[in-house]
Amino acid sequence: MIDLSKNEIWFITGSQHLYGMETLKKVAGHSEEIAKSFNADGKIPVTIVFKPVVKTSEEINNLCKEANNMDSCVGLLMWMHTFSPAKMWIAGLKALQKPFLHLHTQYNRDIPWNSIDMDFMNLNQSAHGGREFGFLASRMRLRRKVVVGHWQDGKVIQKVADWCRVANAVADSKKMKIARFGDNMRQVAVTEGNKVSAQITFGYEVNGFGVGDLVQYINATSEKQIDTLIQEYESTYVLAGPIKFDGSMRSSLRDAARIDLGMRAFLEEAGFHAFTDTFEDLYGMKQLPGIATQRLMASGYGFGAEGDWKTAALVRTMKVMGAGLDGGNSFMEDYTYHFDPDNMACLGSHMLEICPSIAKGDISCEIHPLGIGRKEDPIRLVFNAGGGDALNASIVDMGNRFRMLVNEVEAIDIENDMPKLPVARVLWNAKPDLQTAAAAWIYAGGAHHTCYSQNVTAESLEDFAELMNIEFLLINQKTDLYRFKQELRWNDATFT
């Protein structure tokens, strides 16, 4: 499982020697108090590490270089408590390789009207100290997050917490390893892409393996391991009759468990974080990995079907962002529409591979025929996802840049049984409406594969795209198709 608590965000406070030691002691005390308060708040998933107040170019430069070399440090919070002349920050910010958030706050929430004097003013200068720092960051064209408000405000804390999750995702992306079992589905365009450009942009590496390499691990699993895993299946899921202990298809459940164990062993041994496969390349495997893929996603792995490594990476990234939060993230596909004029909706699903982290209610473990792949009937987990706010996100390779496309949706509790559809599924209303959202998605070249999220916000994905220097497009309640098409043209001109 993904654990963000082992990582750190460094709390950096800017000042200068102009104000004297007494003021600097107060600055340090305030900063340390804020860091401790953030650490005590359950929303923030990492450790906020207070660092000594920086007052010179040398201190700033040394601290930024130290952050670069500390693997546990995934980002920095920067606060200009007093006026910190921004030319002092140039060398450090040029050297800095970690993302940073500019926290534009001040220690006191309210102005003490009856007692305010120049000593108070000299101590509490964030209002214009932050603007000095902001100019320099903009002048240097630095990509960063700016959060404004009092540090005890719940909304400010939530924004800081969300950004900390984004910083973790950025750090994870830079060390991510994606395994491709087989190649892409033949003749499909959107799942292709430039892996070299992706590694330059996102940091992750994508490497291909023959299915035979995986089959060796599958065949190496022991009967005892399979027995133990099946006990876990039986205690976790509702097993269908044919695969129960005395069922006629029990051997298929053992085959699926063997694949589950083999894939996990392969990925764990080489330190992979995400993977792909394709139904067109299963040589040596008895069935397409269904339950194995679903359970691996539930453990934090990214996945993309039909060789879609970009979506596999995005699913992993969004699982890192959402780690520990209610709800889940899953590989998804817009499968079919409900075009009732009074209640338009989209049914999202896939052949097998939907993550049970988004499930509501019981999860059934079943076996059914699969018309493609020419293999034995695969085992899969079948369930419905619940209602509530959610989104779909996609990354596509536009040739000269990567584009992230996000559509906010409202998921609907599924009331129809669909007894003949033996796959996991989710139903949603796209914002602002299905017709506008689908048209905008198609105009933007969005993929048919997405990551469906119940706990990652569009703002967090925008922050991630900003830090990765990729294009970001949002389809939400405010989307107007005419304006959206204009935005596409402006972006094309910008990136040309």
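Report follows, based on the coordinates. None of these values were measured; they are calculated from a predicted model.

## Details of the sheet that holds strand 2 (residues 47-50)
Taken together, five strands build an open sheet; the order of strands is 2-1-3-4-5 and the sheet is parallel. Strands with a single pairing partner mark the edges of an open sheet, and in this sheet they are strand 2 and strand 5 (145-148). Across the sheet, the mean angle separating the axes of adjacent strands is 25° when strand polarity is ignored. Helix 2 (residues 57-68) rests against strand 1 (8-14) and strand 3 (73-80) of the sheet, and its axis sits at about 175° to strand 1. Running at roughly 145° to strand 3, helix 6 (residues 154-175) makes contact with strand 1, strand 2, strand 3, strand 4 (100-104) and strand 5 of the sheet.

## So, the sheet that holds strand 7 (residues 205-209)
Judged by pairing direction, the sheet is parallel, and its four strands sit side by side in the order 7-6-9-10 without closing on themselves. Each end of this open sheet is capped by a strand with a single partner; those strands are strand 7 and strand 10 (302-305). Strand-to-strand twist across the sheet, computed as the mean angle between neighbouring axes with direction ignored, equals 20°. With three bridges connecting them, strand 6 (residues 177-181) and strand 9 (residues 274-277) associate as parallel partners. Paired with Ile-178 across the bridge in strand 9 is Ala-274. Packing against the sheet, helix 10 (residues 250-270) makes contact with strand 6, strand 7 and strand 9, and its axis sits at approximately 145° to strand 6.

## Considering the packing of helix 12 (residues 309-321) against helix 14 (residues 458-468)
Direction vectors running N to C along helix 12 and helix 14 enclose 120°, while the axes themselves pass 12 Å from each other. When the axis of helix 12 is compared with that of helix 14, the two are oblique. With respect to the hand of their crossing, helix 12 and helix 14 are arranged in right-handed fashion. Mapping the contact onto sequence places Thr-317, Met-318 and Met-321 in helix 12 and Ser-460, Leu-461 and Phe-464 in helix 14. A per-class count over the contact of helix 12 with helix 14 returns four nonpolar, two polar and no charged.

## Regarding the nonpolar core
The biggest cluster of nonpolar side chains holds 86 residues, and the ones touching the most others in it are Phe-38, Ile-48, Met-404 and Leu-461. Of the residues forming this core, the biggest block, 10 residues, is contributed by helix 6. When neighbours within four sequence positions are excluded, Met-404 is seen to be in contact with Leu-314, Ser-394, Ile-395, Leu-461, Phe-464, Ala-465, Ile-470, Glu-471, Phe-472 and Leu-473.

Quick notes on the rules
- Residues numbered from 1 in each chain as written.
- Predicted model: local features only at pLDDT ≥ 70, side-chain atom pairs only at ≥ 80, totals over all residues.
- Heavy atoms only, no water.
- Pairing = 2+ DSSP bridges.
- Helix = DSSP H or I, 4+ residues; strand = E, 2+ residues; numbered from the N terminus.
- Axes fitted to C-alpha atoms, helices over the stretch in contact; angles between N-to-C directions.
- Contact = heavy atoms within 4.5 Å.
- Parallel < 35°, antiparallel > 145°, perpendicular 65-115°, else oblique.
- Left-handed = near helix turned anticlockwise from the far one by under 90°.
- Nonpolar A, V, L, I, M, F, W, Y, C, P; charged D, E, K, R; others polar.
- Core = buried A, V, L, I, M, F, W, Y, C linked by side-chain atoms within 4.5 Å.
- Buried < 20%, exposed > 50% of the residue type's maximum accessible area, 1.4 Å probe, protein only.

Treat this as a map of the structure, not an account of what it does.
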